[in-house]
Amino acid sequence: MIQNRSLYVSIMRSVPVWVDRVLDRGQQGQCIYDVTFKPDGSQLIVAAGQKVLVYDAQDGTLEEPLKGHKDSVFTVDYSPDGKRFASGSADKNVIIWNEAHAAILKYLHNDAIQAVAYSPVSQQLVSCAISDFGIWAPDQKTVNKHKVSSRITCISWTNDGQYFAIGLFNGIISIRSKLGEEKVKIERPGGTLNPIWTLQWNPNKEDFDVLTVGDWGKSLSFYRLNGKQIGKDVKLDFDPCKVGHFNNGKYLVIAGSNGRTGLYSRDGVFLGLVTETKDKWMWSAAWKPNSSHIVSGSQDGTITCNNLIFSTVHGLYRDRYAYRQNLTDLVVQLLSAVDVDDTSSGSKIFLRCHDLIKKISIYKDKLAVQLSDRIVVYELVEDQSMALMYRPKHKIMKKFECNLLVVCTNHIVLCKEATLTCLSFDGVKQREWLLDANIRYVKVIGGPKGREAMLLGLKNGQVLQIFVDNPFPITLLKISGSVLCLDLSMSRNKLAIVNENSSLLVYDINTKELLFEEKDANSVAWNSQNEDMLCYSGKGMLSIKARDFPPHQQRMLGYVVGYCGSRIFCLHVHAMRAVDVPQSAPMYQYLERKMYNEAHQIACLGVTMGDWKNLAHHALEGLNFKIARKAFTRTKDLRYLELIHNIEERQKRGEDNTDAFLADIYSHQGHFSEAGKLYKKTGYDQKALNMYTDLRMFELAKDFVGTADPVEQKQLIAKQADWAQNTNEPREAASMYLAAGETLKAINIIGRNGWTDMLIDVARGLDKADREPLSRCAHYLKLLQQYPYCAEVYNKMGDKRALIELHVETNSWDEAFALAERYPEYKDEVYVPYARWLAENDKFEEAQKAFHKAGKITDALHVLKQLTDNAVNENRFNDAGYYFWMLSMQCLDIARESPEKEVEMIEKFEEYKELGEIYYAYHSIHTYTDEPFTSHLPEALFNIARYLVHQMADKRPPPSVSKVSTWYALARQARYLHAYKLARHAYEKLQKLKLPLRFQDTIDLGSVTIRSKPFHDSEDLQHTCLRCSTTNPVLNPRGDFCINCQQPFFHSFSAFEILPIVEFYLDEDVRDDDVEKLVGTESRLDGTKSEWKSSSEGDAQMLRMDHDESPDPFAADFIQDEDKYVPVIVSEATLRSLSRREVIIRKWPKPLRWQYFKNCLPDVPISICDSCLQMFHTDDYELMVLQKQQCPFCRKPTEDRMDEEEPLLI
């Protein structure tokens, strides 16, 4: 789709803004050597004659002439901040001027000043004289000068201010750093024959660091910062005097000896004339920043300010828009692209033509461009990366003068005034049409390949149709006045014309009838996807019109050039843009007339989702189900699609009651009152009832309920309760559920909301046979922690198990124990959880007892073993001894209750009992070695260490019991108590063990110093056996017994002294139960004697004590030849002769036998714990009980023990 809107459009126009001429006193023109603008464009500084002139850049008013130079001023330049400017003159001086136009600094060179230039990023100034250049900055006190080999003619800084280039008269270009050091030297051919007169760095970012050089060899060249030339020299027909840039470097401005200032492309292609003088050189030119103005200065003193106006050269085909950029570049833009700046997707394609672009035309895959001397036809192709691009396909190497250019599939059509010429792509003329009037508008409207049709609008009002392969034009219409714009509808049945009176006329081509007319139009376009829609623009408004409906208007500047779907293409000034316009207004115009098909066609062009919904509902109410289905499909409304499907199925079954259909539609749309009326009218009362019930409009629903049907009434109440629950009114919902007989639902609501009183009332009102509702009541009461009421419900149900579980869960153990006593079958349900609760609360001992009481022997043992292991691992040896003692007693219980395990359990009893005693004793050793203080006396520590050494004499020590600590304590205390022999023996033992580092030095020192002591032990530490009267060494390597009779020694479990007791056994004829009766019944003071009699039974040798003349049978000498222990057997008569104070009995539980001991020193009282049966010196025991209120070994409380009669001795 090609549109051009005038007969002739010039490429560029230069309009003078203001002109001034500088004259001297003799009215002679003063040469304008240089001009420069203030960075904000407000002032113009001119070097004219011997003066520096300051002009208002807006209107050319001379503000002030500045005097300071005594000879011609050749150069001026402004600082980048606009606060200073500099001037240089033939009087060899450089003057710095401030904003107030006062000279603030002057410095001198040896020669005339040729050029000055400020750095674009700082206040650094370079001033160039004929033979040197100087670098000055405000913070410098002196000017740094550098000599050069030839005359300097010009200077220019790079954009970043790091380098500057100097042009020399000998044709050399010197690129130097900002410090003046030469970095690059460019030697051009020709030398002094082609002196460099002007040069300038391009400020454009795309051509950053490109240096444009003009020499007086009539050539233009381009260089990079590294000195490499870009392309070839561009030949000129004049000597360039000044090269500048226009529009931030997009164009070049060149003033020269031909008296002209011209506009050139960045490549040096001439684009147009800015200004000219007659026979006088144009010495200077400058671009006014941020504008389209160019100021030129000539030799005769004329200063001219011109405004450059560029015309728009473009073409449009559907959504592909081609336009000229920078006069020599071509851009093809896809207006429908989401991101129009994405070049990779093909939304923008750039073409460099390197020549002035005069005309552009685009059609399908062809793009025609008219340049200054040729026409190039491009073709749209895909490259290897599947990206779209245009490639030159044909060239017509001929210069054409035309007003309009049109490209077709195989032809180029040129329009000049009233003549239309068709050319092939080879440049051969195919045919020519000579028309009656000038052509004002031409447009390709499509057609077969090579036979395309064009629509023409003439100045005399004719509208013609021409086929490129037909020499005869076809007249379609003729209107009064000139044709400015026209367009043909999609089906080519309607023609829209805009005439010179700004009227829009729409005709039917077939009947030539004027369909309608609109005012204030300057352009028009039919919708390419809808026959009845067009848009037009005029007076800043965009109008969208469908059929003969009133147009919908909105504000928009520019001209309409295309209309596709919901997208309108608008040209405003030089920019083409695509505007997405919803087609809502014409759609509603069709809906008002119930034209649903046409409204749907409009909606397909592009409307909002809300518009689609409105279309769907209007079509549904109009029973146009086809359009309604399409619209609801677009909005993805499955509910209405299902409704349409149901109605259509009912129609297929023969139902044709439209009121019933409308009732369903109204109910879906929310028009419930109208739906209810239609339901009642059509006899569908049940549907109305269901509708109002679903809507929770129960008062309205009651109008449709039969009064004689209680079932329906209850159902309605239940539904009303459901609604109350869903609307966050649970109390009303619960009441309604109770009224409707749905008790469980009511209980659930009451329980979830925590209404305890209401829940209790419901539970009390239920029958005990309603177990499920009662269970739910109890469940919620338990959750609400209303345990007494919960127990009341369980009692009402008679559920004892649940009641016990309630007490267990709430830790109400007294009530649970009471129920367990009344109902023994639930014993496990009480004691097992109780034991676990105790264990979870760190009451492991009570837990063990509870497990034992519950009959869970395995669990009880597991708890004890875990406690024991933890105590050993944590070095709590006192606790470990206690737990091992409990384990041993537990084994006795198992042995007593399980005869089949008696032997095994008794062995474990002995093992655990021994471990308990060892850990109990080792606790004191560990405290002594690992803690800084101990409460034990040296004698006690000595006895404990000796006891442990005896216990571990022939076996491995238990876990965590250290032999090193035991022998170390024994060695230290033995030395302190003068048992030097034993101490030496202990140190020798320690040397054979792996010692911890903390003991190493102490033991080594002790091992050495003990050798200075006598090699004997104190006699006070040696014990005399009370059975055989043998004096025993301090330590028996074989064990804790007499070295002669091997009678075992028994220790007090307080300070571990050896007790003065001898163990004896009963004769076979004496039973344990008779011992207490026999002891002390006969006094040994009657003069009778008892004597030991030896007898042998099998391999055992036994001593029997009978009455004889000896007063004390235990005091008889005992001599044993064999190294074997012989126990003492006591007869009934001997028991009778013993006093109660002399006999000590350990009453072990069954299946163990009792143990009997005789206290050989009755004056030394001995106490025995009635729980663990450990023996103590009475004084020590009483003291420990007073301190701890319990037995030190088994920890049994003994509050009343001291008040009782001596229970430990008989």
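The coordinates are above.
Computed from a prediction, not measured in an experiment: that's the story for all the values here. (Residues numbered from 1 in each chain as written. Predicted model: local features only at pLDDT ≥ 70, side-chain atom pairs only at ≥ 80, totals over all residues. Heavy atoms only, no water.)

**Student:** Describe the overall build of the chain, listing the residues and the values that go with them.
**Tutor:** Tallying secondary structure elements over the chain gives 29 helices and 65 strands in all. With 1210 residues in all, the chain has 52% of them scored as buried. For the chain, the proportion of contacts with a sequence separation of at least 24, taken over those separated by at least 6, is 45%. (Helix = DSSP H or I, 4+ residues; strand = E, 2+ residues; numbered from the N terminus. Buried < 20%, exposed > 50% of the residue type's maximum accessible area, 1.4 Å probe, protein only. Contact = heavy atoms within 4.5 Å.)

**Student:** I'd like a description of the side chain of R984, backed by residues and values.
**Tutor:** With respect to the element layout, R984 can be found in helix α25 (residues 980–991). Other than its neighbours up to four places away in sequence, R984 contacts I1010, R1011, K1013 and F1015.

**Student:** Got a sec to walk through the sheet that holds strand β15 (residues 163–168)? Specific residues and values, please.
**Tutor:** With antiparallel pairing, four strands are arranged side by side in an open sheet as β14-β15-β16-β17. The sheet is open, and its two edges are formed by β14 (152–157) and β17 (182–187), each paired on a single side. On average, each strand axis in the sheet is inclined to that of its neighbour by 20 degrees, with strand direction left out of account. Here β14 runs beside β15; their pairing, made up of five bridges, is antiparallel. Its bridge partner lying in β15, I152 is registered against L168. (Pairing = 2+ DSSP bridges. Axes fitted to C-alpha atoms, helices over the stretch in contact; angles between N-to-C directions.)

**Student:** Please set out the packing of helix α24 (residues 963–976) against α25 residue by residue, giving values where relevant.
**Tutor:** Contact geometry for α24 and α25: axes closest at 8 Å, N-to-C directions at 155 degrees. Of the possible angle classes, the one that applies to α24 and α25 is roughly antiparallel. Where α24 crosses over α25, the handedness of that crossing is left-handed. On α25, the residues that touch V964, W967, Y968, L970, A971, R972, A974 and R975 of α24 are Y980, L982, A983, H985, A986, Y987, K989 and L990. Residue classes in the contact of α24 with α25 are distributed as twelve nonpolar, one polar and three charged. (Parallel < 35°, antiparallel > 145°, perpendicular 65-115°, else oblique. Left-handed = near helix turned anticlockwise from the far one by under 90°. Nonpolar A, V, L, I, M, F, W, Y, C, P; charged D, E, K, R; others polar.)

**Student:** If you had to explain the side chain of S265 to someone new, which residues and values would you point to?
**Tutor:** Checked against the element boundaries, S265 lands in strand β24 (residues 260–265). Setting aside chain neighbours within four positions, we find S265 in contact with L252, L271 and T328.

**Student:** With reference to specific residues and values, describe the pattern of salt bridges.
**Tutor:** Under the criterion given, the structure shown has 40 salt bridges. A salt bridge links D469 to R451, with the nearest nitrogen and oxygen atoms 3.0 Å apart. In this pair, D469 is assigned in the loop between β43 (462–467) and β44 (474–478) and R451 in the loop between β41 (439–446) and β42 (453–458), connecting sequence segments 18 residues apart. We classify R451 as partly exposed; its relative accessible area is 47%. Taking the shortest distance from any N to any O, the salt bridge between K913 and E917 comes out at 2.9 Å. A residue pair is termed a helical-turn pair when its members lie 3 or 4 positions apart in one helix, as K913 and E917 do in helix α22 (residues 902–930) at four residues. Taken together, the shared-partner salt bridges in this structure form one network comprising R266, D267, D329 and R352. (Salt bridge = Lys/Arg side-chain N within 4 Å of Asp/Glu carboxyl O.)

**Student:** Help me get a handle on the packing of aromatic side chains, residues and values and all.
**Tutor:** All told, the structure shown has 39 aromatic pairs when counted by the stated rule. Measuring from ring centre to ring centre gives 5.0 Å for Y33 and F74, while their planes differ by 90 degrees; the resulting arrangement is edge-to-face. With Y33 in strand β2 (residues 32–37) and F74 in strand β6 (residues 73–78), this residue pair connects regions lying 41 residues apart in the sequence. In this structure Y33 comes out as partly exposed when scored by relative accessible area, which is 28%. (Phe/Tyr/Trp six-rings, centres within 6.5 Å; stacked < 30°, edge-to-face > 60°.)

**Student:** Tell me about the packing of α22 against α24, residues and numbers included.
**Tutor:** Interaxial distance between α22 and α24 falls to 10 Å at its minimum, and their mutual angle equals 75 degrees. Relative to α24, the element α22 lies roughly perpendicular. Facing Y922, I925, Y928 and T929 of α22, the residues of α24 in contact are S965, T966, Y968, A969, R972 and Q973. Here the contact of α22 with α24 is built from residues that sort into five nonpolar, four polar and one charged.

**Student:** Please give an account of the environment of R224 that cites residues and values.
**Tutor:** Tracing the backbone shows R224 in the loop between β20 (219–223) and β21 (234–235). Under the relative-accessibility criterion, R224 is labelled partly exposed at 39%.

**Student:** An account of helix α12 (residues 743–753) is needed here, citing residue identities and associated values.
**Tutor:** Looking only at α12, the buried set comprises A746, I747, N748, I749, I750 and G751. Following α12 by one or two positions, G754 adopts a phi angle in the positive range, close to 75 degrees.

**Student:** Describe helix α14 (residues 771–783), listing the residues and the values that go with them.
**Tutor:** For α14, with 13 residues, the first-to-last C-alpha span of 18 Å sits near the 18 Å given by 1.5 Å per residue. Looking only at α14, the buried set comprises P773, L774, C777, A778, Y780 and L781. Mapping the buried residues of α14 onto a view down its axis gives an arc of 165 degrees, with all of them on the same face. Seen from the buried face of α14, the exposed residues on the opposite side, beyond 90 degrees, are E772 and L783. Of the surrounding secondary structure, the elements contacted by the buried residues of α14 are α12, α13 (756–765) and α15 (787–797). At the exit of α14 stands Q785, carrying a positive phi of roughly 65 degrees. (Expected span 1.5 Å × (residues − 1). Arc of directions from axis to C-beta.)

**Student:** How would you sum up the state of the cysteines? Please name residues and give values.
**Tutor:** Applying the stated rule across the entire model yields zero disulfides. As a non-bridged cysteine, C154 has C128 as the owner of its nearest cysteine sulfur, 8.5 Å distant. Residue C154 is classed as buried on the basis of its relative accessible area, which comes to 6%. (Disulfide = S-S within 2.5 Å.)

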